[in-house]
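# Analysis of the macromolecular model
Listed below are the residues making up each chain.
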Amino acid sequence: MIKFEKFIYTPAGYNNAALAIAACRAGGVGILNAELSRDSVAIINSLGFLCRKAGNDFGLKLDNEDEEVLAAAVGYASKGLRWLIVDAEVVPACREWIAKFKQHDVR
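Everything in this summary refers to the structure shown in the same document.

Conventions used here
- Residues numbered from 1 in each chain as written.
- Predicted model: local features only at pLDDT ≥ 70, side-chain atom pairs only at ≥ 80, totals over all residues.
- Heavy atoms only, no water.
- Pairing = 2+ DSSP bridges.
- Helix = DSSP H or I, 4+ residues; strand = E, 2+ residues; numbered from the N terminus.
- Axes fitted to C-alpha atoms, helices over the stretch in contact; angles between N-to-C directions.
- Buried < 20%, exposed > 50% of the residue type's maximum accessible area, 1.4 Å probe, protein only.
- Right-handed = clockwise from strand over helix to strand, strands pointing away.

Bringing the sheet that holds strand 3 (residues 58–62) into the picture now. A sheet is described by the order of its strands in space; here four strands give the open sequence 1-2-3-4, paired in parallel fashion. Lying at the two open borders of the sheet, with one neighbouring strand each, are strand 1 (7–9) and strand 4 (81–86). This sheet shows a mean twist of 25° between the axes of neighbouring strands, independent of strand direction. With four bridges joining them, strand 2 (residues 29–33) and strand 3 adopt parallel strand pairing. What sits directly across from Gly30, in strand 3, is Phe58.

Structural data, given as structure tokens:
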């Protein structure tokens, strides 16, 4: 039987993990959508809150190569972060980070 993962994204630019937490608790994959946000501290804080409250694996969506956010996110790989979603235009700038995430079994 094929198992489908249900990804539920928070609204872009909102920096609030509540919807992602609810998705995780309901059996889906909550994705903190950090698109349209340039507030690294708010993103990192929301990611930490998601990690503490999700109760299940979760993900992060980025539209830029924010070094501060990426460095913090690697630390959450052992705490439930299982998906990193980046825009295609950002992939070349994030290749080294993507390799680090892959070492921690983040898809």
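Strand 3 sits mainly inside the fold: five of its five residues count as buried. A two-sided burial pattern is seen for strand 3, the buried positions comprising Phe58, Leu60 and Leu62 on one face and Gly59 and Lys61 on the other. Remark: the strand 2/helix 2 (residues 40–53)/strand 3 crossover connection has right-handed handedness. Considered for its hand, the β-α-β crossover made up of strand 3, helix 3 (residues 67–75) and strand 4 is right-handed.

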